[in-house]
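# Examination of the molecular architecture
These are the residues of each chain, in order.
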Number of protein chains: 4
Amino acid sequence: MTSTTRFGEIAPLLEGQAIEVPSWAYGNSGTRFKVFGSAGTPRTVEEKIADAATVHRFTGLAPLVSLHIPWDLVDDFAALRRYAEDLGVGLGTINSNTFQDDDYKLGALTHTDPRVRRKAVDHHLACIDVMRATGSRDLKIWLAEGTNYPGQGDMRGRQDRLAESLRTIYDALDEDQRLVLEYKFFEPAFYHTDVPDWGTSYVQVAALGERAMVCLDTGHHAPGTNIEFIVAQLLRLGKLGSFDFNSRFYADDDLIVGAADPFQLFRIMVEVIRGGGFGPANPDGQSQVAFMLDQCHNIEDKIPGQIRSVLNVQEMTARALLLDTDALRAAQEAGDVLGANEVLMDAFYTDVRADLAAWREERGLAGNPLRAYLASGYQQQIEADRVGGTQAGWN
Amino acid sequence: MTSTTRFGEIAPLLEGQAIEVPSWAYGNSGTRFKVFGSAGTPRTVEEKIADAATVHRFTGLAPLVSLHIPWDLVDDFAALRRYAEDLGVGLGTINSNTFQDDDYKLGALTHTDPRVRRKAVDHHLACIDVMRATGSRDLKIWLAEGTNYPGQGDMRGRQDRLAESLRTIYDALDEDQRLVLEYKFFEPAFYHTDVPDWGTSYVQVAALGERAMVCLDTGHHAPGTNIEFIVAQLLRLGKLGSFDFNSRFYADDDLIVGAADPFQLFRIMVEVIRGGGFGPANPDGQSQVAFMLDQCHNIEDKIPGQIRSVLNVQEMTARALLLDTDALRAAQEAGDVLGANEVLMDAFYTDVRADLAAWREERGLAGNPLRAYLASGYQQQIEADRVGGTQAGWN
Amino acid sequence: MTSTTRFGEIAPLLEGQAIEVPSWAYGNSGTRFKVFGSAGTPRTVEEKIADAATVHRFTGLAPLVSLHIPWDLVDDFAALRRYAEDLGVGLGTINSNTFQDDDYKLGALTHTDPRVRRKAVDHHLACIDVMRATGSRDLKIWLAEGTNYPGQGDMRGRQDRLAESLRTIYDALDEDQRLVLEYKFFEPAFYHTDVPDWGTSYVQVAALGERAMVCLDTGHHAPGTNIEFIVAQLLRLGKLGSFDFNSRFYADDDLIVGAADPFQLFRIMVEVIRGGGFGPANPDGQSQVAFMLDQCHNIEDKIPGQIRSVLNVQEMTARALLLDTDALRAAQEAGDVLGANEVLMDAFYTDVRADLAAWREERGLAGNPLRAYLASGYQQQIEADRVGGTQAGWN
Amino acid sequence: MTSTTRFGEIAPLLEGQAIEVPSWAYGNSGTRFKVFGSAGTPRTVEEKIADAATVHRFTGLAPLVSLHIPWDLVDDFAALRRYAEDLGVGLGTINSNTFQDDDYKLGALTHTDPRVRRKAVDHHLACIDVMRATGSRDLKIWLAEGTNYPGQGDMRGRQDRLAESLRTIYDALDEDQRLVLEYKFFEPAFYHTDVPDWGTSYVQVAALGERAMVCLDTGHHAPGTNIEFIVAQLLRLGKLGSFDFNSRFYADDDLIVGAADPFQLFRIMVEVIRGGGFGPANPDGQSQVAFMLDQCHNIEDKIPGQIRSVLNVQEMTARALLLDTDALRAAQEAGDVLGANEVLMDAFYTDVRADLAAWREERGLAGNPLRAYLASGYQQQIEADRVGGTQAGWN
């Protein structure tokens, strides 16, 4: 059977693939040393959504835009939702922020001071209100909390206070809403983070209830961590709520997904599919596992960076779908180490790009979305239009 | 209040400290490149126990010897127990071995072949029989299982089979016996290990029941992992069953505990104490958390290496007990980052060695157990006596 | 011989210890997520120097302030020098900056565009002019250069261009000036940095000449790297120019030196002393190896953070000086692994704090400089005085 | 231009590719926990060579076999050479061993005892004699030396003694022989290794002379190290002597090259080619840079494992040769980050397997060497023939 034949078989499964893009990827970002601006950067949430909709228009892969509160705060979220829908996209996950207020310097949901904890909880309740207006399903909580010096905080007490704060937030959710709790190995806290690993996120959300899930950011692990194992484990436990896709060479580099280790992205997608995490979208355009990007385009162009990212996910999904699972299982059960590995590598090494281009063209999309975008004049247009004002960034 | 005064206050808490020493630490060990032998190395389990009893005689800290099956297999474990008790020590944790039989090349409790799984389960049932004869409380399971190549095994299927195998073993335990499941980041499997992190061990033992606990080996983590956080978390969850103490610079080096990063050992002991894991021994000489050594003395002398190890644990326990927890809490609650850190460092930097020496002498022990051992002639005696036969090692 | 007796012997060696403090440590710093301000933060370079002089006044350890250009640019550096000297401190190393100009987004000394390279070289020539006015010996170059994506740059061509740019800068130095080239494992570039390791810094400075040296920042290595080995190697090669002291748990955390792993700091100081890098200050208050701090006080108080830092260096220097090198050599030559380690640990575990306090008091300093600072009213004074204006930071 | 057209252009460059296979890859290997044997494993060096020749017969890629002394010690190396040549292969690099003699427990070339150093030097002189008989060009020195505990050894003194020992060995080489010095981050020593990084290897071999070079083992680096940067740097310095190819997920796993991160192998080959390290073989079948495998087939079949390995190197070489270097340079010089990355990824993602199969068939080789080997009956033959005796391993 030729590669093209096999592609034809898996093509229908690609139809429903939906990747959420974050509004903040279209704003400026950088390192602690410098944030470089670029011409055409959005000044408003509406402009961010317009850019996100452009990514969707060229790729057909990004029907949802994820918002960050307060960066994307507007007076009328219902209007914002209509604005997005008019551009062909929906509003997705709502991300809270407890790391940019002076009160949160030493903690938010875990702070020793009940007043600060209450403030941080209230912020999440406000986010839930936003979700009601936007129709969002997921409230994503990334906690920047932790300590920099041994002794600075009581790690166990903080864990208990976290549990209490999350309980209040979870109980405020509507029945069709979910809480997803992200974990992160380090940064911005350096000695300890309050939710450093999947185990901690898991025990916290397991204590909350069925609609609390884990968010796996692919850049938030110690070096050498087998991430696809965690994917498999969380799917086995029914607790994989969402991905934050990006890639990294050493720390939380937030590079374009698949750029640092495409084989790792492939292996992750293999486990997602094997574990039932990839499936036809529900009527709202969301699968059970939310596939989100969370990247920083510090030096590269932002819209092309997002286009490249969603295409990388699609390409690796296609390769993962090509995996001959019967042959793989047979080799595994026969104890054929090299044979089983070869079956896996065969899928990874299959060049799906031409097939995907043809498939896109059948659907009225450009075969090469990046080239089409570059030729479209959109970039020149926004560079000309978006003059003055304050470019969006992480504030 | 002087340091000596404070030492007097914490001294009673040191009374019950009991550290288990592993029988295999007295045999030869090494790396994949070479195992160096040394004069006086035990040839039998009895000689290992004699050496372990010597460590206890000089330190008063090591009343239990942990055994490894089949390395320490004897016909009459009841007799072995009496032999140990006559030397002043008890038999402690029983460690199983599922990594040295050809059948286990591709897995044991997780193997695709039910026959191999059954064999591995039966080995554990045999270990439980040993526990009944030795009076051991804990069955410790370290799984060398995993895969070396992507695709080689079905990680999720292996997790399910592991759960099933552990269930059978757990159900065979007596009411006063426990199962402790160790996790390990890598080695001897390189691509994935079936129990790579505390989260996996936790979800497996949580599914089993109350008497299934996690074993934390201090050398089994990714670089940069905050181990004391895991200690705090497992104690919070009521699931910290035991430690395998050792130290490492990079991988699972199995060096003398406290040798690589004494400050880390101190921080671990601080969390153990804060979390209720350190307490008076029960009548069997065991606290709820078993403090075991698991080290390799590849190039250094073995008995002195063990003496140094238990002393390191004692010294760091004493420093951790000296922590002024009231001052710490006050600084933490005041948000005094440097002040809280200083309270912690003050305990760490306090030199307890002279106080401990005096305390030992009050109890009839040598102030400097290592010097006393070296002067005792024991080493010369075993070197003279233990001639011929096969020196014990990892087989 | 008691510990105090030994302290008396090493005390004279502590006299000349001089640690450079960086002007930027007194300004605000943070992570890419947030920079928290604090009351009393300097608005001008003069205020930074006043704070640095305060650290010296209380500790006697910090006679030099290191400047960063352009952050500390003033019209009249000769006047600034007099201002500093009036406060009892000198101006030390001049640090260049090639990472905050839009032109440098893709490189500076390594850029493909000769115009950008020239601009970056010229900046260094301007720094050399500053050095002439301030009387500084060292021009320190930390290069933020590198790439984020494979293929983005020609790593080898960049290395060649770097060599050429450095040559021009080096040739512009006066005979009594030095160039020190820092290396850094990662950040702000994520895929590759142009000077990622000591080997690269060494081959670049060795090609320049005798007055080009390596700067070792203790936070700029891969996990598991044995830093004291690099110290020993660079001293052996005669190429250790300076330290940037700080500490880290995982990445370039820039925490207070000695906070994360005090034993590592001790081992570094042992190699510095053994390798001849620690000695009486020259008439300008500088030893051959410049001991600089490079830290970020993101959440802790800045002046107390610097006081704690220089005290940590002093305490570990004292412990390292206490090392019984004769006993150590004897144990090493006898192949006594545990004995040699014990000699080393004995020095590390010796609590020198009381001796150092007494030694300080003999010299008219407070025994506890941190307490004395906190009681001095200086902090309250600057918080009251420094109202309005723009707090200094990394810009 | 189609992919096949481009393949036609680069195909001639593949002709001279020669990969050395190590004799020990055909023997048993494992971890410190267990060495699993397998049917058909060689008992003698002749059987190892026969297996290596089989790899060459099926792939056309492995014309040289690297030997390890004393594992492969024979009385008559001239006869062994003829034996190999009759089988169609030559004898390549000679590897010394200073890690399996009791004398070397604490060091060999670095030992404090001049008698032990002399013994280790003499071993290398004997290896040079072997090289004369085998016609080998390279003496490869991997030093297992280092220390496990801080203080155990004088790191700087060891460096000096190493330099002296290497000097004696280097001076004994013939004019057409080279010394290549391998570096290794850790293992079997855990606290420090005497040649831990490329910088140390470089300064040691640079001090020796032109025919002393660095050996880069792809598994011997800290996590996150950019290995292709080191390749580029060593080629720039004219000091890249040889590779030890393998792959790893965390430590020195010695897995099949390209198995863990094929994209990394591709990037390495790109730098090799860009830096002039890949070229037509000299008359002896060797390029200037020796491409050797150094792997352990702990659980997979050995001959198929070696076949897969040399094919992986060939496949990644072909992809690297396909790189459109003109387009890449243009994008780099235009500052087109995403464009440059895309040019690189385009080469990596090109599936060369069918082209390579056709190319092999044109040369009388099987299109799929692994399938051809499995169908050849060789494995069954050696399993039937090699009964009794002692299987070869690391001793």
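Residues numbered from 1 in each chain as written. Chains lettered and ligands numbered in written order. Predicted model: local features only at pLDDT ≥ 70, side-chain atom pairs only at ≥ 80, totals over all residues. Heavy atoms only, no water.

You'll find chain A entered in an unreviewed UniProt entry as L-rhamnose isomerase, with Nocardioides luti given as the organism.

## Quick notes on the relation of the copies chain A and chain B
Applicable threshold: Only residues with pLDDT of at least 70 in both copies count here: their C-alpha atoms drive the least-squares fit that superposes the copies. Should any heavy atoms of two residues lie within 4.5 Å, those residues are considered in contact.
Taken as rigid bodies, chain A and chain B are interconverted by a rotation of 180° and an axial shift of 0.0 Å, the fit giving an RMSD of 0.0 Å. In the structure described here, the two chain copies are related by an operation that fits a two-fold rotation axis. Among all C-alpha atoms of chain A, that of A:G199 lies closest to the rotation axis, at 2.1 Å. Looking at chain A, 100% of its interface residues are interface residues in chain B too, so the copies touch through the same face.

## Things to note about the confidence of the model for chain A
We count it as follows: pLDDT measures how confident the predictor is about each residue, on a scale from 0 to 100.
Here chain A shows a mean pLDDT of 96. Residues at 70 or above account for 97%. Confidence estimates for the predicted assembly give a pTM of 0.97 and an ipTM of 0.97.

## Structural notes on the environment of A:A330
Residues and elements named next belong to chain A. Inclusion rule: Only DSSP runs of H or I reaching four residues or more are called helices, and only runs of E reaching two or more are called strands; each is numbered from the N terminus. Exposure categories follow from relative accessible area, calculated using a 1.4 Å probe and restricted to protein chains: below 20% of the type maximum is buried, above 50% is exposed, and the middle band is partly exposed.
Tracing the chain through its elements places A330 in helix α10 (residues 325–333). When its relative accessible area of 46% is taken as the criterion, A330 is described as partly exposed. Spatially, the C-alpha atoms of A330 and D346 are 15 Å apart, while their sequence positions differ by 16 residues.

## Things to note about the interface of chain A and chain B
Note the threshold: In short, buried area is how much 1.4 Å probe accessible area vanishes from two parts on joining, totalled over both. Every case where a carboxyl oxygen of Asp or Glu lies within 4 Å of a side-chain nitrogen of Lys or Arg is listed as a salt bridge. Identification of polar contacts relies on pairs of N or O atoms within 3.5 Å, with a donor-acceptor requirement for protein atoms, meaning one able to donate a hydrogen and the other able to accept it, and with residues adjacent in sequence counted only if both atoms are side-chain atoms. Each residue gets one of three labels, nonpolar for Ala, Val, Leu, Ile, Met, Phe, Trp, Tyr, Cys and Pro, charged for Asp, Glu, Lys and Arg, and polar for the others, Gly among them.
If you look at the interface, chain A gives 52 residues, while chain B gives 52 residues. Taken as a group, A:R156, A:F229 and A:R236 account for 18% of the area that chain A buries against chain B, more than any other trio of residues on that side. For the pair chain A and chain B, the interface holds four salt bridges. The salt bridge involving A:D154 is made with B:R274; its shortest N-O contact spans 2.7 Å. Our count for the contact surface shared by chain A and chain B stands at 21 residue pairs in polar contact (both at pLDDT 80 or more). Residue classes in the side of chain A that touches chain B are distributed as 22 nonpolar, 19 polar and 11 charged.

## Quick word on the side chain of B:R156
Inclusion rule: For the purpose of charge, His is not counted, nor are the chain termini; Lys and Arg are scored as positive and Asp and Glu as negative.
Inspection of the secondary structure puts B:R156 in helix α5 (residues 155–172). Buried B:R156, no salt bridge; nearest opposite-charge side chain is B:D160, N-O distance 4.6 Å. Once residues lying within four places of it in the same chain are set aside, the contact partners of B:R156 are A:A232, A:L235, A:R236, A:R274 and A:G275.

## Things to note about the sheet that holds strand β1 (residues 19–22) of chain B
Residues and elements named next belong to chain B. Put simply, the rule is: Any two strands between which DSSP finds at least two bridges are classified as paired. Lines are fitted to the C-alpha atoms to define the axes, a helix being fitted only along its stretch in contact, and any angle between axes, read from their N-to-C directions, falls within 0 to 180 degrees.
What the eight strands build is a closed barrel, ordered β1-β2-β3-β4-β6-β8-β9-β10; its pairing is parallel. Across this sheet, the average inter-strand angle for adjacent strands is 30°, counted without regard to direction. Pairing of strand β3 (residues 90–95) with strand β4 (residues 138–141) involves two bridges; the strand directions are parallel. Looking at β4, one finds that I94 is bridged to L139. Helix α9 (residues 302–321) rests against β1, β9 (240–245) and β10 (290–293) of the sheet, and its axis sits at about 155° to β1.

## Points about the pairing of strand β9 (residues 240–245) of chain D
Residue and element names in this part refer to chain D. Rules: Crossover handedness is defined here as right-handed if the route from the first strand over the helix to the second strand goes clockwise, with the strands pointing away from the viewer.
By the criterion of burial, β9 is predominantly enclosed, with six of the six residues buried. Of the pairings in the sheet, the one linking strand β8 (residues 212–217) to β9 comprises four bridges and is parallel in character. Bridged to L216 within β9 is F243. Taken together, β8, helix α7 (residues 227–236) and β9 constitute a β-α-β crossover, and its handedness is right-handed. In this sheet, strand β10 (residues 290–293) lies alongside β9 in parallel orientation, the contact comprising four bridges. Its bridge partner lying in β10, F245 is registered against L293.

## Re the interface of chain D and chain C
Accessible area lost upon the coming together of the parts is a frequently used measure of interface size. Across the contact, 52 residues belong to chain D and 52 residues belong to chain C. For the pairing of chain D and chain C, the buried interface totals around 4100 Å² over both sides, and the portion due to carbon and sulfur atoms is 61%. When the buried surface of chain D facing chain C is broken down by residue, D:R156, D:F229 and D:R236 rank first, second and third, together holding 18% of it. The tally of links from chain D across to chain C stands at four salt bridges. Taking the shortest distance from any N to any O, the salt bridge between D:D160 and C:R236 comes out at 2.7 Å. At the boundary of chain D with chain C, the tally comes to 22 residue pairs in polar contact (both at pLDDT 80 or more). Looking at the side of chain D that touches chain C, the elements with two or more residues in it are α5 (155–172), β7 (192–193), α6 (198–208), α7, α8 (262–274), α10 (325–333) and α11 (337–349) of chain D. Residue composition of the side of chain D that touches chain C, by class: 22 nonpolar, 19 polar and 11 charged.

## Structural notes on the packing of α9(B) against helix α12 (residues 353–362) of chain B
Residues and elements named next belong to chain B. To be explicit about the condition: Each angle receives one of four descriptions, namely roughly parallel if under 35 degrees, roughly antiparallel if over 145, roughly perpendicular if within 65 to 115, and oblique otherwise. The crossing is said to be left-handed when, going from far helix to near helix, the turn is anticlockwise and less than a right angle, and right-handed when the turn is clockwise.
Interaxial distance between α9 and α12 falls to 10 Å at its minimum, and their mutual angle equals 110°. On the basis of their axis angle, the class for α9 and α12 is roughly perpendicular. Of the two elements, α9 crosses α12, and the hand of that crossing is right-handed. Contacts from L311, Q314, E315 and A318 of α9 reach α12 at R353, L356, W359 and R360. The residue makeup of the contact of α9 with α12, split by class, is four nonpolar, one polar and three charged.

## A few points about the sheet that holds strand β6 (residues 178–182) of chain C
If you trace the eight strands once around the closed barrel, you get β1-β2-β3-β4-β6-β8-β9-β10 (chain C), paired in parallel fashion. Going from strand to strand, the sheet's axes swing by 30° on average, the running direction of each strand aside.

## Re the relation of the copies chain D and chain C
Overlaying chain D on chain C yields an RMSD of 0.0 Å, the required transformation being a rotation through 180° with an accompanying axial translation of 0.0 Å. Of all interface residues in chain D, 100% are interface residues in chain C too; the two copies therefore contact each other through one and the same surface.

## Thoughts on helix α5 (residues 155–172) of chain C
Residue and element names in this part refer to chain C. Counted only if it meets this: A helix is expected to span 1.5 Å for every residue after the first.
If you check α5, its first and last C-alpha atoms are 26 Å apart, about what 18 residues at 1.5 Å a residue would give, namely 26 Å. M155, R156, G157, R158, Q159, R161, L162, S165, L166, I169 and Y170 are the residues of α5 that are buried. Where α5 begins, the capping side chain belongs to D154, and its oxygen is found 3.1 Å from the backbone nitrogen of R156.

## A word on the pattern of salt bridges
Summed over all chains, the structure comprises 140 salt bridges over all chains. Close ionic contact of A:D171 with A:R167 constitutes a salt bridge, the shortest N to O distance being 3.1 Å. Of this pair, A:D171 and A:R167 both sit in helix α5 (residues 155–172), four residues apart, which is roughly one turn of that helix. A:R167 gets classed as partly exposed once you look at its relative accessible area, which sits at 30%. Two residues, C:D351 and C:R353, come together in a salt bridge whose shortest N-O distance is 2.9 Å. Here C:D351 falls in the partly exposed class, since its relative accessible area comes to 22%. What you see here is one network of salt bridges that share partners, running through A:R32, C:K184, C:E187, C:D252 and C:D254.

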